[in-house]
Amino acid sequence: MADQVHVTLIANAGLLLQYGGVTLMLDGIYGRKGHPFSNLKPEIWDRMLRGEPPFEKIDYLLFSHAHPDHFSPEMTMEFLRHRTVKGVFLPDSHSVVESGLAEYLRESRTPCVMLSSQTDHASYQIEPRISVQAFSTLHLDKKFQNVHHFCYLLTFGEKKILFTADVDYTHETFDAIRTVPLRAVFVNPLFFGVLRRRVLHQPRAEVAYHGIVGHFGQRHIRRIYAIGKVLHSAGRGAAGEHGGAHNEGDQLYQSFLHSKNILRIAVICILNGLPSCKVAC
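Residues numbered from 1 in each chain as written. Predicted model: local features only at pLDDT ≥ 70, side-chain atom pairs only at ≥ 80, totals over all residues. Heavy atoms only, no water.

1. Observations regarding the overall build of the protein chain
Part 1 of the reasoning: Scanning the protein chain for helices and strands turns up seven helices and 14 strands.
Part 2 of the reasoning: Put simply, the protein chain has 281 residues, and 56% of those count as buried.
Part 3 of the reasoning: Of the roughly 12,600 Å² of accessible surface on the protein chain, a fraction of 52% belongs to carbon and sulfur atoms. (Helix = DSSP H or I, 4+ residues; strand = E, 2+ residues; numbered from the N terminus. Buried < 20%, exposed > 50% of the residue type's maximum accessible area, 1.4 Å probe, protein only. Areas by Shrake-Rupley, 256 points an atom, 1.4 Å probe, with all protein chains shown as cover.)

Right, dumping it as structure tokens:
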């Protein structure tokens, strides 16, 4: 349907958002070092630079914070040397300046919003039916409390979708948007149970993203998408029986799988092998 928001999970927290002929990429340009999360594969990076499917048209780049599993200023600069975008949203951080990206954005006259306390909760109407609102939150873990971290509330027509990135779920309450009717919320599946109980205002759908590599991450991320696809295809309204919760990880994912809302999202296709996939909101 023309009014659907198509969201492609590229890798980790990297997302491609398509709506009404406009494409946004959130946290999709990042490096392979300094983090334990799923990497952006070299062949996917090459396709981005060459503008090959599904990256033929990328209008806006958005970044939640300057951690290596979400954002690489050097790679972003390389991307912009190959591709032209309508605008960039990124946190005001030392790495943006030190890498030369800030200067490059000025010299190339690329429209850019440096997110800071001055832009907190400001709404930017980037297209007639698309707006971007970024609000400052604490990053999870005390050692990262000084990191400039932003969650995004994106509006596509009448649909509002929240992207939580690495929000500190132990302190953030999302009071400013608690009454906003959300079409979907994208959350780290490790924190799904806590986030859902504490901060989410009954969104119509919850989506897991931000994948950890290794035994725990890959096994459970693959499981959740595989089961979600089977259940949606079968038209079932509840998760049913898929084995007991044998450990803390299984309990978290059973909580996620037993959400009646998650099954309203259809897994459409696989982009680059699990856990990458495309969903429609």
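Now that the structure has been shown, the text picks up again.
2. Some remarks on helix H2 (residues 73–82)
Part 1 of the reasoning: Looking only at H2, the buried set comprises Pro73, Met75, Thr76, Met77, Phe79 and Leu80.
Part 2 of the reasoning: Its buried side turned inward, H2 meets helix H1 (42–50), strand E4 (60–62), helix H3 (94–98) and helix H4 (101–107). (Contact = heavy atoms within 4.5 Å.)

3. Quick look at the pairing of strand E11 (residues 184–187)
Each regular strand shows side chains that alternate between the opposite faces of the sheet.
Part 1 of the reasoning: Of the two faces of E11, both are covered, the one formed by Ala184 and Phe186 as well as the one formed by Val185 and Val187.
Part 2 of the reasoning: Direction of pairing for strand E10 (residues 159–163) relative to E11: parallel, over a ladder of three bridges. When the sheet's bridge partners are listed, Phe163 is paired in E11 with Phe186. (Pairing = 2+ DSSP bridges.)

4. Some thoughts on the nonpolar core
Part 1 of the reasoning: Of all hydrophobic cores here, the largest spans 30 residues; its most connected members are Leu24, Tyr152 and Phe163.
Part 2 of the reasoning: Residues in contact with Leu24, not counting those within four places in the same chain, are Leu15, Leu16, Leu17, Tyr60, Leu62, Ile126, Ile130, Val132, Leu154 and Phe156. (Core = buried A, V, L, I, M, F, W, Y, C linked by side-chain atoms within 4.5 Å.)

5. Regarding the pattern of salt bridges
Part 1 of the reasoning: In this structure the tally under the stated criterion is four salt bridges.
Part 2 of the reasoning: For Glu127, the salt bridge goes to Lys86, with nearest N and O atoms at 3.0 Å. Taken together, the residues Glu127 in strand E7 (residues 123–127) and Lys86 in the loop between H2 and strand E5 (87–91) connect sequence positions 41 residues apart.
Part 3 of the reasoning: Under the relative-accessibility criterion, Lys86 is labelled partly exposed at 41%.
Part 4 of the reasoning: For Arg178, the salt bridge identified is with Asp175, shortest N-O distance 3.4 Å. (Salt bridge = Lys/Arg side-chain N within 4 Å of Asp/Glu carboxyl O.)

6. Things to note about the pairing of E10
Part 1 of the reasoning: Of all five residues in E10, four are buried, a share of seventy percent or more.
Part 2 of the reasoning: Across five bridges, strand E9 (residues 149–156) lies against E10 in antiparallel orientation. Residue pairing across strands places Phe156 opposite Lys159, the latter belonging to E10.
Part 3 of the reasoning: Taking the residues between adjacent antiparallel strands as the criterion, E9 and E10 are bridged by two residues, where Gly157 takes a positive phi near 65°.

7. With respect to H1
Part 1 of the reasoning: Regarding H1, the residues found buried are Ile44, Trp45, Met48 and Leu49. End-on view of H1: buried residues confined to an arc of 140°, all on one side of the axis.
Part 2 of the reasoning: Buried positions along H1 lie against strand E1 (6–11), strand E3 (22–26) and H2.
Part 3 of the reasoning: Of the residues one or two after H1, Gly51 is the one with positive phi, at around 75°. (Arc of directions from axis to C-beta.)

8. What to know about the side chain of Glu127
Part 1 of the reasoning: A residue is classified by how much of its surface remains accessible, and Glu127, at 14% relative accessible area, is buried.
Part 2 of the reasoning: Side chain to side chain, Glu127 and Lys86 meet in a polar contact 3.0 Å long.
Part 3 of the reasoning: Excluding residues that lie within four positions of it along the chain, Glu127 makes contacts with Val22, Tyr60 and Lys86. (Polar contact = N/O pair within 3.5 Å; in protein donor to acceptor, adjacent residues only side chain to side chain.)

Read these as spatial facts, not as claims about activity.
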